[in-house]
Amino acid sequence: MKYIFIPIIFFLSLLCNAQSISISGNVKDILTNSPLENSKVQIKNLQNGFVDLVFSDAAGNWQYNIATAVVNEIQYLPTSIEVMQNFPNPFNPSTKISFLIPADNNVTIQIHNILGELVDMKNTFLSKGNYVVDWFSKGGAGVYFYTITYSNQSITKKMIQLDGGNGIGLGEIRSGISNNYNSAKSLESINVEIVVTKFSYAADTTSATIVGGEIFTSQLQTIHNKYTLIDLHNDVLEVMVDDTTYHLAELHNYNHTDIPRLQIGGVDIQFFSIWVSPTNYTNYYQQALVMRDLFFSELAANTSTISQATTMQQALNLNNQNKIAAVIGVEGGHHIEESLAKLDTFYNAGMRYLTITWNNSVSWAISAADSRTLTQGLNSFGRQVIKKLDSLGVIIDVSHTGIKTIQDILQETSNPIVATHSGARAIKNHTRNLYDWQIQDIANSGGVIGIVFYPPFLTNSPNATISDVIAHIDHIVNLVGPDHVAIGSDFDGIGTNVVLGLEDTSKFPDLTLALLEHGYTELEVAKFLGGNFRRVFEQVCKN
């Protein structure tokens, strides 16, 4: 075994023109204030275009040394090599080694372990300037030494590798961020752009003029929380009618919805469904008014956290006050009891979408569950209802609605239509889902399909996962593009049969993360979460 002696060289140059300035920072989650490890910090020198990057450590801290040149009174180029301390240090699984050479020459980089054994080496010819080389853990954990040799000068520094690794060792030597040498001009500051990113977080960009010692604090926002989340369908009002002790203010460990879990889930706009069971009641309209009053009662009891909205702009204004925007949707034409006046009452209460039918047909419209779904649609009164909805500015929802009825609706309305809580029938053949040509019709109208979270509508398997939800999204995107997907969970309308990973309203962030991991872009995910439905909301309900 070969051993070598590693000299530790200290030097002082009173007239040395080359120096480095150091900047540092900290990265945290804007919501939790927790440090974010392995955030990528990209530093770009705006004066010469050089780009380099470092990563934050477990405490969210990062540091970077930028080589510069300051011309003294004698005005000559520096003659000494400068080697910066690696960062991070200690490290796992990689670290960066930065160095500066004042003139073109051969440079050798050697890495030795504590026994003096040579672990890795690179030798190359470099032009004058600042350089960075990555070290990827190679060998066992412990103390290592890196030596940079330039001309007849060598500098050795110690670094600590926390864990063993089988990495490549020394990476590619690349240009770092530095100011070009200038024998006639004093360079005292550097203009930089710092971009901090982490997977599933939105980028944070800062431009600054630095002279050394600056500390940059970055608070990253998750992509989920950056964009408006609109859930098109929630049935918790039905739960509260049946259980008068259940209220939105308290955090529960049963059912799916309450204000604390909506807040955890990042829900910005929630459509609350008024639905009266046609099998349990006959006075649909009166019972719907009971649910309307319950909705108002819950909002009155929680004025600091949730309020009603009837337009997109109202909803956004509430969100800016850190409130959830609550919107009424009425699920099923049976609630108007063949009365346009009763339809007006619901509108005046804040209804901004009407689901044309539930599973039960009405005299003026046929449901998807009806054997007549292919042959019968709207009658003359049904066509009046559609025109009335258009004139009021109420969105038409065709989830549950029959095939011929949807075709008739598209002939009558001049507005985009939506399916607030449905899936793709090509993935799961169920009457509650939509054929491809129906999806295309809805897309052609400018509308959206809110993907439902009810397992029997998603898969033939006993259990459904987030991947099954994404499969329906994939199908629609492949069919009509990313502009026609929305979210329509149907929470508290699906009993205890939930998607694994989407058990209640607090779990929406996990869907966003899964969509990003699946390969969807930040912009596409933003559309799915609420951007697409916002287009419909604004067009139909105005502002």
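Reading guide: rules and limits
Residues numbered from 1 in each chain as written. Predicted model: local features only at pLDDT ≥ 70, side-chain atom pairs only at ≥ 80, totals over all residues. Heavy atoms only, no water. 1 Å grid on protein atoms, 1.4 Å probe; cavity = no way out; pocket = protein on both sides within 12 Å on 5 of 7 lines; lining within 4 Å. Points joined across faces, edges and corners; volume = space filled by probe spheres on them. Helix = DSSP H or I, 4+ residues; strand = E, 2+ residues; numbered from the N terminus. Nonpolar A, V, L, I, M, F, W, Y, C, P; charged D, E, K, R; others polar. Salt bridge = Lys/Arg side-chain N within 4 Å of Asp/Glu carboxyl O. Buried < 20%, exposed > 50% of the residue type's maximum accessible area, 1.4 Å probe, protein only. Expected span 1.5 Å × (residues − 1). Polar contact = N/O pair within 3.5 Å; in protein donor to acceptor, adjacent residues only side chain to side chain. Pairing = 2+ DSSP bridges. Axes fitted to C-alpha atoms, helices over the stretch in contact; angles between N-to-C directions.

Q: Any chance you could break down the layout of surface pockets for me, citing the residues and the numbers?
A: Roughly 540 Å³ of internal volume is contained in the largest pocket. Asn225, Gly266, Asp268, Asn319 and Asn322 are, among the 22 residues lining the largest pocket, the residues nearest its centre. Counting residues per element, the ones that place at least two in the lining of the largest pocket are helix 1 (223-226), helix 3 (259-264) and helix 5 (312-320). Across the lining of the largest pocket, the residue classes break down as seven nonpolar, eleven polar and four charged.

Q: Please give an account of the pattern of salt bridges that cites residues and values.
A: This structure, assessed with the given rule, holds 16 salt bridges. The partner of Asp134 in a salt bridge is Arg174, with the nearest N and O atoms 2.7 Å apart. Taken together, the residues Asp134 in strand 9 (residues 129-139) and Arg174 in strand 12 (residues 165-175) connect sequence positions 40 residues apart. For Arg174, a relative accessible area of 25% puts it in the partly exposed group.

Q: Run through helix 7 (residues 380-392), naming residues and quoting values.
A: Look at helix 7: 19 Å from first C-alpha to last across 13 residues, which is about the 18 Å you get at 1.5 Å a residue. Three or more residues of helix 7 are buried, namely Phe381, Gly382, Val385, Ile386, Leu389, Asp390 and Leu392. For helix 7, the N-terminal capping position is held by Asn379, with its side-chain oxygen 3.0 Å away from the main-chain nitrogen of Phe381. Looking one or two residues past helix 7, Gly393 carries a phi angle of roughly 90°, positive in sign.

Q: Would you mind going over unusual backbone geometry in detail, with residue names and values included?
A: For residues that are not glycine, phi is negative in most cases, and the peptide bond is trans in most cases. Omega for the peptide link from Phe87 to Pro88 comes to -5°, which places this bond in the cis form. Position of Pro88 among the secondary structure elements: in the loop between strand 5 (82-83) and strand 6 (94-101). Going from Asn89 to Pro90, the amide bond is cis rather than trans, its omega being 0°. Turning to its location among the elements, Pro90 is positioned in the loop between strand 5 and strand 6.

Q: How would you sum up empty space enclosed by the protein? Please name residues and give values.
A: Inspection of every chain in the model, using the stated rule, returns three cavities of 30 Å³ or more. If you add up the space inside the largest cavity, you get close to 80 Å³. Elements with a minimum of two residues in the lining of the largest cavity: strand 4 (61-69) and strand 6. Split into classes, the residues belonging to the lining of the largest cavity amount to five nonpolar, five polar and one charged. Taken as a whole, the second largest cavity holds about 40 Å³ of empty space.

Q: Kindly report on the sheet that holds strand 12, identifying the contributing residues and their values.
A: Reading across from one edge, 5-6-9-12 is the order of the four strands in this open sheet, with antiparallel pairing throughout. Whereas interior strands pair on both sides, the edge strands pair on one side only; in this sheet they are strand 5 and strand 12. As paired elements, strand 6 and strand 9 share eight bridges and run antiparallel to each other. Within strand 9, the position partnered with Ile97 by the bridge is Val133.

Q: Any details on the sheet that holds strand 14 (residues 204-210)? Residues and values, ideally.
A: Here we have four strands laid out as an open sheet, ordered 3-2-13-14, and antiparallel in their pairing. Each edge of the open sheet is held by one strand with a lone partner, namely strand 3 (51-55) and strand 14. Mean inter-strand twist for the sheet, computed between neighbouring axes without regard to direction, equals 20°. In this sheet, strand 13 (residues 190-197) lies alongside strand 2 (residues 40-45) in antiparallel orientation, the contact comprising six bridges. If you follow Ile43 over to strand 13, its bridge partner there is Ile194.

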